[in-house]
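Each chain is listed here by its residues.
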Amino acid sequence: MENLVERMQAGDRRALARLMTLAENESPEVPRIFAALRRAPGRAHRLGVTGPPGAGKSTLVGRLIEALRAAGETVGVLAVDPSSPLSGGALLGDRLRMPVLDDPGVFVRSMASRGTPGGLARHSLDLADLLDAFGRDWILIETVGTGQGELEILNEADTTLVVLHPGTGDTVQALKAGLFEVGDLFAVNKADQIGADSLKAELEWAFRLREDRAAPPVRMTSARENRGVGELLVEVRRIRAAREADGQLGAQRQARLARRLRREVELEFADRLAGDPDWTGLLENLARRVMDLEIDRYAARAELIRRLGKTKGATEA
Amino acid sequence: MKAPIRVLIAKVGLDGHDRGAKVVASALRDAGMEVIYTGLHQSAEQVAATARDEDVDVVGVSSLSGAHMTVLPRVLAALRAAGREDVVLVAGGIIPTDEAQALLEAGVARVFRPGSSTRDIAAFLQEEVARRRGAGAA
């Protein structure tokens, strides 16, 4: 395993790919992998790319890769697609929309969400960390198609780009909570289509109503025709530079790290409980007693919480 | 350790018929595999590079243009060059039996000819990947 880490740090793509699989599959080696990388976390800027299905995220990511490569910067990409809730399988098609680059400066990895809600996979962050340690300048993280409420990308990215396209709803949609609150900048993609101008105008109007923060920039793009991508990248770079200059980035990353740690530990405990036969037995027993009108649901809940406090795992882990 | 089978389905060269590839990709997804589909007109080197970066267990090459005797040996060589000679390489499409035999001898794990059921393809891949993983080929 140490050998894989060293090979990866020396630029071996096969080793990076293997490490990513180990992380994604929750190999028992994972803690040692990240321990070995502690002092060499990387220096990439992480750009999250999110938006509804069909907005053109993958195509736009492909154009951003080209533009960043043209500037001589290296790029790692994580592209997340949904897993089927029925079979657990997934069709990962994001690469299809990206340019076929035989380029050592680009590393694209497809991930299935594997049942994790929120637009990312459970171990997307670990894979991003590996890409970072591999020495990329930029990491682009493309979420599954998202809508109202998938905000996990907030925990991932230094900068979040929301990609929209015309015909996805009126201003009321824009006023709803969700995507419109997480974006540091917005791309109105498919700008050649009818409704693109009015979508941009409606977004800008909706942003002006918000008093708590400055309106995020909105740029028109046509990823397919490669228009507006340079201008979009200028805005991304401007946001990156501003955050790096005012020292926000470090504080932002630390806050994100704390959220991530909390979430990871919560998930770990949820997994342990799900795999604990005593706990499942208690749950089933209490559910039966609620059904039989013996106790009420809140009493059952109190019993579970009491039991949780006594669980050995909760104190020893 | 959870380890879904990862598969790359590829079309190599000028062959422009991808319906079969899409049918197989969907069937393997329904069998619980993670299937990466990269579209038409890939080179053997691109297929091998994708197989390496995506760390797939299986590469499936669909050939309906008659170029399989050129394409598949190239893919095999490119996989070797990319350090992925451990991949299960399977071929599908219009491939005569005598040529299928030659491909098997060259290192293709299995050739699925017209009429193959997607269920058989999934079953073969599950068995073959389990066997190779068990052999410690990781």
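Rules and cut-offs
- Residues numbered from 1 in each chain as written.
- Chains lettered and ligands numbered in written order.
- Predicted model: local features only at pLDDT ≥ 70, side-chain atom pairs only at ≥ 80, totals over all residues.
- Heavy atoms only, no water.
- Helix = DSSP H or I, 4+ residues; strand = E, 2+ residues; numbered from the N terminus.
- Buried < 20%, exposed > 50% of the residue type's maximum accessible area, 1.4 Å probe, protein only.
- Contact = heavy atoms within 4.5 Å.
- Areas by Shrake-Rupley, 256 points an atom, 1.4 Å probe, with all protein chains shown as cover.
- Lys, Arg positive; Asp, Glu negative; His and termini not counted.
- Charge placed at Lys NZ, Arg CZ, Asp CG, Glu CD.
- Pairing = 2+ DSSP bridges.
- Buried area = accessible area lost by both parts, 1.4 Å probe.
- Salt bridge = Lys/Arg side-chain N within 4 Å of Asp/Glu carboxyl O.
- Polar contact = N/O pair within 3.5 Å; in protein donor to acceptor, adjacent residues only side chain to side chain.
- Nonpolar A, V, L, I, M, F, W, Y, C, P; charged D, E, K, R; others polar.
- Phe/Tyr/Trp six-rings, centres within 6.5 Å; stacked < 30°, edge-to-face > 60°.

Enquirer: How would you explain the overall build of chain A if you had to name every residue and give the values?
Expert: Helices and strands together make up the secondary structure of chain A, namely 13 helices and 8 strands. Residues classed as buried in chain A amount to 47% of the 317 residues present. A separation of at least 24 residues holds for 77% of the contacts in chain A among residues at least 6 apart in sequence. When the accessible surface of chain A is totalled, it reaches about 15300 Å², and 54% of it is carbon and sulfur. Both charge centroids of chain A, one from 46 positive and one from 47 negative side chains, sit 2 Å from each other.

Enquirer: Just give me the short version of the pairing of strand β5 (residues 138-142) of chain A, but keep the residues and values in it.
Expert: Residues and elements named next belong to chain A. With 5 of 5 residues buried, β5 is to be regarded as a mostly interior element. Residues W138, L140 and E142 line one face of β5 and the alternating positions I139 and I141 line the opposite face, and both faces are buried. Where strand β1 (residues 45-50) meets β5, 5 bridges bridge the pair, whose relative direction is parallel. Bridged to V49 within β5 is E142. Where strand β2 (residues 75-81) and β5 come together, 5 bridges link them in parallel fashion. Looking at the pairing, V77 lines up with L140 of β5.

Enquirer: Outline the interface of chain A and chain B, supporting the account with residue identities and numerical values.
Expert: Taken together, the contact between chain A and chain B spans 28 residues of the former and 30 residues of the latter. Both sides together, the interface formed by chain A and chain B hides about 2400 Å², and carbon and sulfur atoms give 49% of it. Counting across the chain A and chain B interface gives 7 salt bridges. Counting the contacts that link chain A with chain B gives 14 residue pairs in polar contact (both at pLDDT 80 or more). At the level of secondary structure, the elements contributing two or more residues to the side of chain A that touches chain B comprise α2 (13-24), β3 (90-92) and β4 (106-112) of chain A. Looking at the side of chain A that touches chain B residue by residue, the class counts come to 11 nonpolar, 8 polar and 9 charged. Sheet topology places β3(A) next to strand β2 (residues 34-37) of chain B; 3 bridges connect them, and they run parallel. Counterpart to A:A90 in the pairing with β2(B) is B:E34.

Enquirer: Pulling in residues and values, what's your account of the packing of aromatic side chains?
Expert: Throughout the structure, instances matching the rule amount to 3 aromatic pairs over all chains. With 4.8 Å between their ring centres and 50° between their planes, A:F186 and A:F207 make a pair best called tilted. Highlighted residues: A:F186 in strand β7 (residues 185-188) and A:F207 in helix α8 (residues 196-209), separated in sequence by 21 residues. Judged on exposure class, the residue A:F186 and its partner A:F207 are both buried. A ring pair is formed by B:F112 and B:F124, whose centres lie 5.9 Å apart and whose planes are at 70°; its orientation type is edge-to-face.

Enquirer: I'd like to hear about the pattern of salt bridges, residue by residue, with values.
Expert: Note that side chains of opposite charge can pair when their charged atoms are close. Residues and elements named next belong to chain A. Within this structure, the stated rule accounts for 47 salt bridges over all chains. Between K200 and E204 there is a salt bridge whose closest N-O contact spans 3.2 Å. Of the two residues, K200 and E204 both sit in helix α8, 4 residues apart, roughly one turn of that helix. Residue E204 is classed as partly exposed on the basis of its relative accessible area, which comes to 26%. Note that R289 and E294 form a salt bridge whose closest N and O atoms lie 3.0 Å from each other. Here R289 falls in the partly exposed class, since its relative accessible area comes to 25%.

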